[in-house]
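Inside the fold
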Amino acid sequence: MPAFRDIVRRIDSIKNTQKITKAMQVVAATRLRRAQAAVQATRPYADKMVEVLQTVSERSTEYKHPFLIRREGKRAVMILVTTDKGLAGAVNVNNIRAATRYMSQNFPEQQRYVTLGRKGRDFLLRYRRDVIAEVSNLPDRPSQGQVLPAVTVALEEYTKENVDAVLLCYAKWISTIRQEPTVRVLIPAEIPARDRDATGPRADYIYEPDPESVLDGLLPRYVETQVFQAVLENKASEYSAKMIAMQNATNAAGDLIDSLTLYANKVRQAGITTELMEIVSGAAAQEGSSRGR
Amino acid sequence: MKFPLRVVSVERSLFEGDVEFVIATGAEGELGVLARHAPLMTILKPGPLRIQETYGGPEQTLFVGGGFLEVLPERVTVLADVAEHAEEISVDAAEEARRRAQERLAGTLTAAEETEFQNALAMAEARLRLARARRG
């Protein structure tokens, strides 16, 4: 039977771990709120961008930007968003699995990757996938400029006709307890259809310099914005998952402490009982021998 | 007469309110927008965006590093690639960026690099001009 002291020492160590997981849970919750605010902040720009794109593409129907043209080939580059740090539940595993599966199913000929986040990069490199650009250690509130270079590499691959599609994979935030790995096709780009009952104005603009240049300028930014939003949303998913993982860890530590405490008490009582027995039997022996005298 | 103006970058919303006059740096040169301007969609070059809540009154200046300006009958929107309030501009960073861009432009470059650094240079110079104008 282990010594009482040893068990108490183990309980103390688990209590310390519990303090850490508890703290991490609180931190994740705070960061989650911040990440959600960051996602919210991109909405006005993104919504406006879609609205303008709809108007412009309705206007210049005869002009097809290369990003809008569908190519037949089976080569693609995937922009994979993952986290930089672990302890975030299954978020990264799910993203990586969704991305690689989608790629091998739909683009068997050639698969290239651009990774945003350390975990995805490390995984893909370990499995000798073709990683052509990567950005890692992004802060909680990254600027568009930090994400951009990697996206530009992916877009260039498409312009140079090295690939036939550009894809994006990230963890879509649904609720605190649910995040879903999501694969999206960035190029060929699809401009979402206007709501049929939308009362939005269908302005006929004066274009400066001309509709084609405006569309040329808008489309890359549209793609970039989607990636930027994905990075922010992935952050929100990361912190949700981390919060839940740490909560589970804290609860598990609590259960362990309870059962160890119970065990420690039993050991202590067993010790007391043994001691008592020794004293009693010792006393009985004494008594027996004195009567004999 | 006032119209609602909104300036958004992908990271945040920088200005939202009713104004009378706004001056932007368009692809074809500076342009001023008053209420009831014809619908317009233009590419913006790096430069200041000057906002007057009352025509001829005090001015609020933003730095816009390229983007789009959309004028609709009922509102005006600026979609900025990068945007800063004038007081947020870091003169040191802008000067450093200008120096780097000039250095690179002095060497031999591909056409794509050339446009990239020209753009970087234009951004840095626009930032500096704005910061200097502010200091008077």
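Residues numbered from 1 in each chain as written. Chains lettered and ligands numbered in written order. Predicted model: local features only at pLDDT ≥ 70, side-chain atom pairs only at ≥ 80, totals over all residues.

**Considerations on the overall build of chain A**
- Across its full length, chain A carries five helices and six strands.
- Mapped in sequence order, the helices and strands of chain A form the string α-β-α-β-α-β-α-β-β-β-α.
- For a compact globule of 293 residues, the expected C-alpha radius of gyration is about 19 Å, and chain A comes in at 30 Å, more than 25% above that figure.
- Its C-alpha atoms give chain A principal-axis dimensions of about 125 × 45 × 30 Å.
- Expressed as a percentage of the 293 residues in chain A, the buried residues total 32%.
- In chain A, of all internal contacts separated by at least 6 residues, the share reaching a separation of at least 24 is 77%. (Helix = DSSP H or I, 4+ residues; strand = E, 2+ residues; numbered from the N terminus. Rg over C-alpha atoms; globule rule 2.2 N^0.38 Å. Buried ≥ 20, exposed ≤ 12 C-beta atoms within 10 Å, placed from the backbone. Contact = placed C-beta atoms within 7 Å.)

**Quick word on the overall build of chain B**
- On a plain count of helices and strands, chain B comes out with two helices and eight strands.
- Start at the N end of chain B and walk to the C end: the helices and strands fall as β-β-β-β-β-β-β-β-α-α.
- In terms of C-alpha radius of gyration, chain B reaches 16 Å, essentially the compact-globule figure of 14 Å for 136 residues.
- The C-alpha extent of chain B, read off along each of the three principal axes, is 50 × 30 × 25 Å.
- Counting every position in chain B, which comprises 136 residues, the buried fraction comes to 35%.
- Partitioning the intrachain contacts of chain B with sequence separation of at least 6 by distance along the chain shows that 51% fall at a separation of at least 24.

**Observations concerning the pairing of strand β5 (residues 40–52) of chain B**
- Among the 13 residues that make up β5 of chain B, ten are buried, leaving the element largely enclosed by the rest of the structure.
- As paired strands, strand β6 (residues 206–208) of chain A and β5 of chain B are joined by three bridges and run parallel to one another. Following the sheet pairing, E208 of chain A is matched in β5 of chain B by T42 of chain B.
- By the bridge criterion, four bridges tie strand β3 (residues 21–26) of chain B to β5 of chain B in an arrangement that is antiparallel. Residue G26 of chain B lies in a different strand from β5 of chain B, and its bridge partner there is L44 of chain B.
- In terms of strand pairing, β5 of chain B meets strand β6 (residues 59–71) of chain B through twelve bridges, oriented antiparallel. Bridging across to β6 of chain B, L40 of chain B finds its partner in V71 of chain B.
- From the end of β5 of chain B to the start of β6 of chain B, which pair antiparallel, there are six residues, and G56 of chain B there has a positive phi angle of about 80°. (Pairing = 2+ DSSP bridges.)

**Thoughts on the environment of V91 of chain B**
Residues and elements named next belong to chain B.
- You can see V91 is positioned in helix α1 (residues 91–106).
- Separated by 48 residues in sequence, V91 and I43 place their C-alpha atoms 26 Å apart.
- Apart from residues lying up to four places away in sequence, V91 is in contact with L128 and A131.

**A word on the nonpolar core**
- Counting 95 residues, the largest nonpolar core has M78, I79, V166, L167, V227 and V231 of chain A together with V22 of chain B as the members making the most contacts within it.
- For this core, the leading source of residues is helix α5 (residues 211–292) of chain A, giving 16 residues.
- Once you skip the residues sitting within four places of it in the chain, I79 of chain A turns out to touch V114, L116, V151, A154, V166, L167, L168 and V227 of chain A. (Core = buried A, V, L, I, M, F, W, Y, C linked by C-beta atoms within 7 Å.)

**Let's talk about the interface of chain A and chain B**
- Each partner contributes residues to the interface: chain A has 22 residues there, and chain B has 20 residues.
- Those elements giving two or more residues to the side of chain A that touches chain B turn out to be α1 (4–59), β6 and α5 of chain A.
- The biggest single contributor to the side of chain A that touches chain B is α1 of chain A, with seven residues.

**Here we look at the environment of T25 of chain B**
Residues and elements named next belong to chain B.
- Inspection of the secondary structure assignment puts T25 in strand β3.
- For T25 and G67, which are 42 residues apart along the polypeptide, the C-alpha to C-alpha distance reads 10.0 Å.
- Contacts of T25, omitting those with residues within four sequence positions, involve E30, L44, K45, G47 and P48.

**Section: the packing of helix α2 (residues 91–106) of chain A against helix α3 (residues 118–126) of chain A**
All names here are of chain A.
- At their nearest, the axes of α2 and α3 sit 10 Å apart, and the two run at 50° to each other. Considering the angle they form, α2 stands oblique to α3. Judged by the twist between their axes, the crossing of α2 over α3 is right-handed. Contact residues: α2 offers N92, N95 and I96, while α3 offers K119, G120 and F123.
- Across the contact of α2 with α3, the residue classes tally to two nonpolar, three polar and one charged. (Axes fitted to C-alpha atoms, helices over the stretch in contact; angles between N-to-C directions. Parallel < 35°, antiparallel > 145°, perpendicular 65-115°, else oblique. Left-handed = near helix turned anticlockwise from the far one by under 90°. Nonpolar A, V, L, I, M, F, W, Y, C, P; charged D, E, K, R; others polar.)

**Description of the confidence of the model for chain A**
- Put simply, chain A has an average pLDDT of 88, and 95% of its residues get 70 or more.
- Mean pLDDT per element in chain A: β6 of chain A is the minimum at 83, and strand β1 (residues 75–81) of chain A is the maximum at 93. (pLDDT = per-residue confidence, 0-100.)

**Let's talk about the sheet that holds strand β3 (residues 130–135) of chain A**
Residues and elements named next belong to chain A.
- Within the open sheet, the five strands sit side by side as β3-β2-β1-β4-β5. Their pairing is mixed. Looking at which strands have only one partner, the edges of the open sheet turn out to be β3 and β5 (178–187). Averaged over all pairs of adjacent strands, the angle between strand axes in this sheet comes to 25°, irrespective of strand direction.
- As paired strands, strand β4 (residues 165–175) and β5 are joined by nine bridges and run antiparallel to one another. Paired with A171 across the two strands is P181, which belongs to β5.

**So, unusual backbone geometry**
All names here are of chain A.
- The omega torsion across I187 and P188 is 0°, close enough to zero to call that bond cis.
- If you trace the backbone, P188 turns up in the loop between β5 and β6.
- At the junction of E208 and P209, the peptide bond is cis and its omega measures out at 0° in the coordinates.
- Its location among the elements puts P209 in the loop between β6 and α5.
- Phi at L87 takes a positive value of approximately 55°, unusual for a residue other than glycine.
- Examined against the element boundaries, L87 turns out to sit in the loop between β1 and α2.
- Take L87: there are 14 C-beta atoms within 10 Å of it, and that puts it in the partly exposed class.

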